[in-house]
Amino acid sequence: MTQMTPISSQFQAPDLSDDRIIKVVSGLRPCRHGGLRLESETIGTKTIIHNYGHGGGGITLSLGTAIAAADMVKDQSENKSPVAVLGAGVIGLTTARKLANRGHQVTVYAKDSGHDTVSVIAGALWLPVGIDIDHPEIGSQRLNKLLNQAHNALTALDQDRYGIEPITVFEPAYAQSNSHYFDNGTIPTPTPVDRLPFPGPPRAGRSFDSLFIHTPRYLDALLEDLASLGVQIIKREFTHLDELQTLEESTLVNCLALGSLTLFKDTAMYPARGILVHMEPQDLGYAIHDGFKFIFPRDTALILGGCFDPDVWDDTPDEQIAKEIIAHHRRFFGLS
C-alpha cells in the first residue's frame, strides 16, 4: 500500500481574474514520430549532423543534445574547422554555444532568432514531455543519457543569470502518471500527498521537485554567450538543399526543427499546437502540472496552459481554447 504524505501547509491560490490577463500566445511544438533525430549524413560536399525532433522537451534536452551533436563533429585537429548551425531556437543556440566553447568558428544561419522563435513560448519546466520515447530508435537508455547530460550541464550554469530555479510541482491524483519522466535519475519520484495544499475541493495528489527555466532570461543569456564567443547569427532561410552547398562550412548542424520537414523531407516531423495564457506575474512558489494543463510562475508572466493539438499547423491564438484553459484552472482552485 502506498504511503500518503500529509501536507498541511496552505499555498495561496493565484489570482486568475480577467483583469490579470496580459495576452494569449500559441506555438507549434516540433514533434517527430520515432523520437529525436541525432545522426549524421553526407549530402553533396557537406556533412549534415541532425539535431531535432524534441517535441515539448526542447529546453529540457537542449544542453544534452548539444553535447551529442558536438561529439559528432569529427575534428580532432588543433585548428578546429568552421561549423554552420542551421536554426536559432534554443536547440540551435545551445548547439552553437557548445561548438564555440570547443574552439570551432561557428556561424548560425536562421530565419528567426531567440525571442522571435517558438522557443520563447516554452513554459519551461524541466520535464521531457511531448517526446516519442517508445520507439526502439530512441530507447530509454539513450534518452536517459541525454537527460543526465542536459541536467548536469544546466545545473552547472549560473542559475540566476540563466533564469534557473528549483521548484516544487504538484499534480492531482487523477492526472496521468508518466513514470518514464522520472526513471532517468534526475527528477525524484513523485511523493503521494493526501491533500493538495491549495484552496478548492479537497483532492489527493502527488508532488516532485524539478527545475524551472525562465525562458526569456535563458535565451538572453545564450545570445550573450554567443556574442562573447564571436558567433555570428546571419538571417537566412533555406528552401532547397542545393542552397546548403553554397555555404563555406563543410560541416552543418541541422537544428531547424519543423523546418526539417520541408528542407530535408523528413515526413516523421509533425506539429503539436500549444496555447498559453499569460497573466500578470505572481510569485506562487510552486507549479501545477496536469499533463498539458499547467501553471508555471515565470518572472515575466504567470503561464497558464494549455493543450497539445497534433497536426495543427495554425499557430493563431485561439480565444475559445484560452477561455477553456482559464476556466479549467479556476475550477481547480474553486474560483468558479
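Keep in mind the model is a prediction, meaning the values are calculated, not measured.

### Side note on the packing of aromatic side chains
Under the counting rule described, the total for this entry stands at 14 aromatic pairs. Relative to Phe198, the ring of Phe11 lies with its centre 6.1 Å away and its plane at 35°, an arrangement referred to as tilted. Here the residue Phe11 occupies a position in the segment before β1 (21–32), and Phe198 occupies one in the loop between β7 (191–193) and β8 (205–213), the gap between them amounting to 187 residues. Look at Phe11 and you get partly exposed, because its relative accessible area is 25%. An aromatic cluster is present here, built from Phe11, Phe170, Phe198, Tyr286, Phe332 and Phe333 joined pairwise through their rings. Above the plane of the ring of Phe332 lies Arg203, whose end atom (NZ or CZ) is 4.2 Å from the centre.

### Describing the sheet that holds strand β9 (residues 232–235)
Strand order in the open sheet formed by six strands is β2-β3-β10-β4-β5-β9, with mixed pairing between adjacent strands. Since the sheet does not close on itself, it has two edges, and those belong to β2 (37–43) and β9, each with one partner. Sheet twist, expressed as the average angle between the axes of neighbouring strands with direction ignored, equals 25°. Alignment of strand β5 (residues 106–113) against β9, held across four bridges, turns out to be parallel. In the sheet register, Thr107 faces β9, and the bridge partner there is Gln232. Across the sheet, helix α2 (residues 90–101) is in contact with β3 (46–52), β4 (83–88), β5, β9 and β10 (251–254); its angle to β4 comes to roughly 155°.

### So, the packing of α2 against helix α4 (residues 215–228)
Orientation of α2 relative to α4, taken along the N-to-C sense of each, is 35°, at an axis distance of 10 Å. You can see that α2 and α4 cross each other, and the crossing is left-handed. Residues Val90, Leu93, Thr94, Ala96 and Arg97 of α2 pack against Tyr218, Leu219, Leu222, Leu223, Asp225 and Leu226 of α4.

### Things to note about the side chain of Arg20
Assignment of secondary structure puts Arg20 in the segment before β1. Given the relative accessible area of 18%, Arg20 is considered buried. Within polar-contact distance, the side chain of Arg20 engages the side chain of Asp15 at 3.1 Å. In this structure, Arg20 is in contact with Asp15, His278, Met279, Glu280, Pro281 and Gln282, ignoring residues within four places of it in sequence.

### As for the pattern of salt bridges
Evaluated as defined, the whole model comprises 15 salt bridges. Close ionic contact of Lys235 with Asp112 constitutes a salt bridge, the shortest N to O distance being 3.8 Å. Of this pair, Lys235 sits in strand β9 while Asp112 is found in strand β5, placing the two residues 123 residues apart along the sequence. The exposure class assigned to Asp112 is partly exposed, which follows from its relative accessible area of 32%.

### Here's the deal with the pairing of β5
The pairing of β4 with β5 spans five bridges and is classified as parallel. Pairing of Val83 across the sheet is with Val106, part of β5. A crossover links β4 with its parallel partner β5, the connecting element being α2, and its sense is right-handed.

### Describing the environment of Glu41
Checked against the element boundaries, Glu41 lands in strand β2. Take Glu41: its relative accessible area is 28%, and that puts it in the partly exposed class. Along the primary structure Glu41 and Tyr174 are separated by 133 residues, whereas in three dimensions their C-alpha atoms are 44 Å apart. Those residues in contact with Glu41 that lie beyond four places of it in its chain are Lys46, Thr47, Ile48, His50 and Phe264. A polar contact of 2.7 Å, which involves the side chain of Glu41, links it to the side chain of His50.

Reading the values: rules and limits
Residues numbered from 1 in each chain as written. Predicted model: local features only at pLDDT ≥ 70, side-chain atom pairs only at ≥ 80, totals over all residues. Heavy atoms only, no water. Phe/Tyr/Trp six-rings, centres within 6.5 Å; stacked < 30°, edge-to-face > 60°. Helix = DSSP H or I, 4+ residues; strand = E, 2+ residues; numbered from the N terminus. Buried < 20%, exposed > 50% of the residue type's maximum accessible area, 1.4 Å probe, protein only. Lys NZ or Arg CZ within 6 Å of the ring centre and 35° of its normal. Pairing = 2+ DSSP bridges. Axes fitted to C-alpha atoms, helices over the stretch in contact; angles between N-to-C directions. Contact = heavy atoms within 4.5 Å. Left-handed = near helix turned anticlockwise from the far one by under 90°. Polar contact = N/O pair within 3.5 Å; in protein donor to acceptor, adjacent residues only side chain to side chain. Salt bridge = Lys/Arg side-chain N within 4 Å of Asp/Glu carboxyl O. Right-handed = clockwise from strand over helix to strand, strands pointing away.

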